[in-house]
Amino acid sequence: MKIGCAHHAYLSWLGDITKEFQKVYSKIEIELIHDYSSNLLKSVENHEIDACIISKREGNHKWIPLYKDKLVAWVSENHKLAKKNSISIEQLKKEPFIATHVGEDTDYARIFKKYHIVPNTRLATKDVFVTYTMVEAGLGISVEHSLTAKVW
């Protein structure tokens, strides 16, 4: 059985479920795959994986909502915006921005496109942990799913 997961915050939860599943079905081998939501959905549609935990995507598939997560601003504790309860999406045009997964079909890329936002990108990475460490170092701000942001 192959199961995909797009968000780091769900991996420990998925690990707990897998552990319980294997107690009952010990002979079933499970492969966990981490990738982008759109890629995982294509893998399900192509019968390459059996199920996935992803952000909602369009298509002809069965969708079961598990959690309604939101995107949040990620700022270092010393940043001038850290004391605010919220910031406008327009701030992303002004503040140095650290982009994660540039060019991929991510939830934040979809939000930027919807609101015609071109962030003031100064750094880019393909790893959310690298983004976190760069934000923590005060090199800019970013956006992330709230559950993932809570992990760090």
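What counts, and at which threshold
- Residues numbered from 1 in each chain as written.
- Predicted model: local features only at pLDDT ≥ 70, side-chain atom pairs only at ≥ 80, totals over all residues.
- Heavy atoms only, no water.
- pLDDT = per-residue confidence, 0-100.
- Helix = DSSP H or I, 4+ residues; strand = E, 2+ residues; numbered from the N terminus.
- Contact = heavy atoms within 4.5 Å.
- Buried < 20%, exposed > 50% of the residue type's maximum accessible area, 1.4 Å probe, protein only.
- Pairing = 2+ DSSP bridges.
- Axes fitted to C-alpha atoms, helices over the stretch in contact; angles between N-to-C directions.
- Phe/Tyr/Trp six-rings, centres within 6.5 Å; stacked < 30°, edge-to-face > 60°.
- Right-handed = clockwise from strand over helix to strand, strands pointing away.

### What to know about the confidence of the model for the protein chain
Point 1. Averaged over the protein chain, the pLDDT score is 90; the fraction of residues at 70 or greater is 100%.
Point 2. Per-element confidence in the protein chain is highest for strand β5 (residues 97–100), whose mean pLDDT is 94, and lowest for helix α6 (residues 146–151), whose mean pLDDT is 82.

### Some points on the side chain of Thr148
Point 1. Looking at the secondary structure, you find Thr148 in helix α6.
Point 2. Once residues lying within four places of it in the same chain are set aside, the contact partners of Thr148 are His8, Ala9 and Val128.

### Remarks on the side chain of Thr18
Point 1. The residue Thr18 is located in helix α1 (residues 11–24) in this model.
Point 2. With a relative accessible area of 12%, Thr18 lands in the buried category.
Point 3. The contact partners of Thr18, leaving out residues within four places of it in the chain, are Ile30 and Leu32.

### Concerning the sheet that holds strand β3 (residues 51–53)
Point 1. Strand order in the open sheet formed by three strands is β2-β1-β3, with parallel pairing between adjacent strands. If you trace the sheet from one side to the other, it starts and ends with β2 (31–34) and β3, each paired once. Ignoring strand direction, the axes of neighbouring strands in this sheet form an average angle of 25 degrees.
Point 2. Across the sheet, helix α2 (residues 37–45) is in contact with β1 (2–5), β2 and β3; its angle to β3 comes to roughly 165 degrees.

### Some words on the packing of aromatic side chains
Point 1. Inspection of every chain in the model, using the stated rule, returns five aromatic pairs.
Point 2. Geometrically, the ring pair formed by Trp74 and Tyr132 is tilted, given 5.7 Å between the ring centres and 35 degrees between the ring planes. Separated by 58 residues along the polypeptide, Trp74 in strand β4 (residues 71–74) and Tyr132 in helix α5 (residues 128–136) bring together distant segments of the chain.
Point 3. Looking at Trp74, the relative accessible area reads 7%, which means it is buried.
Point 4. Here the aromatic rings of Phe97 and Phe112 are separated by 5.7 Å at their centres, their planes lie at 75 degrees, and the arrangement is edge-to-face. In this pair, Phe97 sits in strand β5 while Phe112 sits in helix α4 (residues 107–114), placing the two residues 15 residues apart along the sequence.
Point 5. Given the relative accessible area of 3%, Phe97 is considered buried.
Point 6. Judged by its relative accessible area of 11%, Phe112 falls in the buried class.

### Comments concerning the environment of Lys126
Point 1. Tracing the sequence through the fold places Lys126 in the loop between β6 (121–125) and α5.
Point 2. A sequence separation of 26 residues divides Lys126 from Thr100, and the C-alpha atoms of the two residues are 5.4 Å apart.
Point 3. Every residue in contact with Lys126, bar those within four places of it in the chain, is listed here: Tyr36, Thr100, His101, Val102 and Glu104.

### Some words on the pairing of β1
Point 1. Examined bridge by bridge, β1 and β2 share four bridges and lie parallel to one another. Following the sheet pairing, Cys5 is matched in β2 by His34.
Point 2. This β-α-β element, β1 to α1 to β2, shows right-handed connectivity.
Point 3. Bridging between β1 and β3 involves three bridges; their strand directions are parallel.

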